[in-house]
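So you can see what is in the structure, the chains are spelled out below.
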Amino acid sequence: MNRNLQSFPILISERLTLRKLSKKDSEEIWQLRSDAAINKFLNRKPAKTLEDALHFISTIIENESEDLFYWAITKTGEDKLLGTICLFDFVADVKKCEIGYELLTGYQGQGIMTEAARTVLEYAIKTHGIKAIDAQTHKDNQNSTKLLEKLNFKKRDDAIENNPNLILFRLTI
């Protein structure tokens, strides 16, 4: 699953372009990471300042590897970040990885994350030969649960270590 980091994969769907995250996304990343409605389902410290967002972006850019693909979700023809989606924790010998995502609240309910996730799943399967993709969501995050079910992820009985509020879903190809 090696990849050339000089050519980050830009993915295009019907309405969306998934591109590399950049420092110019700091305002939207700050909005995502400081939004109480989004953070109530995530175990992370909320971003308090734009500097926090820039630090997060720098960390993502510095840690790019064959184990992390982190896309900014934008509408095709526009550059404004609407959300993010990522593939991480690749396990080469079993061809498995994990998916994560978040979307600014003003863009939720428009099918954007469904379209972005389908695009990323297709990329993972066709380009990397992935056979299983895991996703974790908070037990009360009904929007995320519905998305995963729509994408044919199945709820697992496996417990998430150290967090009984998380549910594990798996898509098996």
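Each value, and the rule that gives it
Residues numbered from 1 in each chain as written. Predicted model: local features only at pLDDT ≥ 70, side-chain atom pairs only at ≥ 80, totals over all residues. Heavy atoms only, no water. Helix = DSSP H or I, 4+ residues; strand = E, 2+ residues; numbered from the N terminus. Rg over C-alpha atoms; globule rule 2.2 N^0.38 Å. Buried < 20%, exposed > 50% of the residue type's maximum accessible area, 1.4 Å probe, protein only. Contact = heavy atoms within 4.5 Å. Areas by Shrake-Rupley, 256 points an atom, 1.4 Å probe, with all protein chains shown as cover. Lys, Arg positive; Asp, Glu negative; His and termini not counted. Charge placed at Lys NZ, Arg CZ, Asp CG, Glu CD. Pairing = 2+ DSSP bridges. Axes fitted to C-alpha atoms, helices over the stretch in contact; angles between N-to-C directions. Expected span 1.5 Å × (residues − 1). Core = buried A, V, L, I, M, F, W, Y, C linked by side-chain atoms within 4.5 Å.

Colleague: Explain the overall build of the protein to me, and be specific about the residues and the numbers.
Modeller: In terms of helices and strands, the protein carries five helices and eight strands. Along the protein, from the amino end to the carboxyl end, the secondary structure elements read β-β-α-α-α-β-β-β-α-β-α-β-β. A compact globule built from 173 residues should have a C-alpha radius of gyration of about 16 Å, and the protein, at 15 Å, falls within 12% of that. The principal-axis extent of the C-alpha atoms belonging to the protein is close to 40 × 35 × 30 Å. Each of the 173 residues in the protein was classed as buried or not, and the buried ones make up 49%. Looking at the protein alone, contacts between residues at least 24 apart form 62% of all its contacts between residues at least 6 apart. With an accessible surface of roughly 9400 Å², the protein has 49% of that area assigned to carbon and sulfur atoms. The averaged location of the 25 negative side-chain charges in the protein is 4 Å from the averaged location of its 25 positive side-chain charges.

Colleague: I'd love a proper account of the sheet that holds strand E6 (residues 132-138), names of residues and values included.
Modeller: Spatially, the eight strands line up as an open sheet ordered E1-E2-E3-E4-E5-E6-E8-E7, and their pairing is mixed. Each end of this open sheet is capped by a strand with a single partner; those strands are strand E1 (11-12) and strand E7 (154-155). Examined bridge by bridge, E6 and strand E8 (residues 166-172) share seven bridges and lie antiparallel to one another. When the bridges of E8 are listed, His 138 appears paired with Leu 166. Contacting strand E5 (96-103), E6 and E8, helix H5 (residues 142-150) runs over the sheet at an angle of about 160° to E6.

Colleague: Now, about helix H3 (residues 50-62): what can you tell me, with residues and values included?
Modeller: Here H3 spans 18 Å end to end across 13 residues, near enough to the 18 Å set by a 1.5 Å rise per residue. Among all positions in H3, only Ala 53, Phe 56, Ile 57, Ser 58 and Ile 60 are buried.

Colleague: Which residues make up the nonpolar core, and what values go with them?
Modeller: Here is a general trend for soluble globular proteins: nonpolar side chains tend to be buried in one another's company. Counting residues in hydrophobic clusters, the biggest one holds 32 residues, and the most contacted among them are Trp 71, Ile 85, Leu 87, Ile 99, Ile 133 and Phe 153. Elements that contribute at least two residues to this core include exactly strand E2 (16-20), strand E3 (68-75), strand E4 (83-91), E5, helix H4 (112-128), E6, H5 and E8. Broken down by element, this core gets its largest block of residues, eight residues, from H4. Sequence-distant contacts of Leu 87, that is, excluding residues within four places in its chain, are made with Asp 67, Leu 68, Phe 69, Trp 71, Cys 97, Glu 98, Ile 99, Val 120, Tyr 123 and Ala 124. Counting 14 residues, the second largest nonpolar core, distinct from the first, contains Phe 56, Ile 57, Tyr 70 and Ala 72.

Colleague: How would you sum up the pairing of E4? Please name residues and give values.
Modeller: Inspection of the sheet shows E3 paired to E4 by six bridges, in the antiparallel sense. Bridged to Ala 72 within E4 is Thr 84. Inspection of the sheet shows E4 paired to E5 by seven bridges, in the antiparallel sense. Each bridged residue has a counterpart across the sheet, and for Ile 85 the counterpart in E5 is Tyr 101.

Colleague: Go over H4, please, and point to the residues and values.
Modeller: End to end, H4 covers 23 Å across 17 residues, agreeing with the expected 24 Å (1.5 Å per residue, within 8%). Every buried residue belonging to H4 is among Ile 112, Met 113, Thr 114, Glu 115, Ala 116, Ala 117, Thr 119, Val 120, Leu 121, Tyr 123, Ala 124 and His 128, and all of these are buried.

Colleague: Which residues make up the environment of Glu 78, and what are the values?
Modeller: Along the chain, Glu 78 falls in the loop between E3 and E4. Residue Glu 78 is classed as partly exposed on the basis of its relative accessible area, which comes to 47%. Along the chain, Glu 78 and Leu 16 lie 62 residues apart, while their C-alpha atoms are 9.1 Å from each other.

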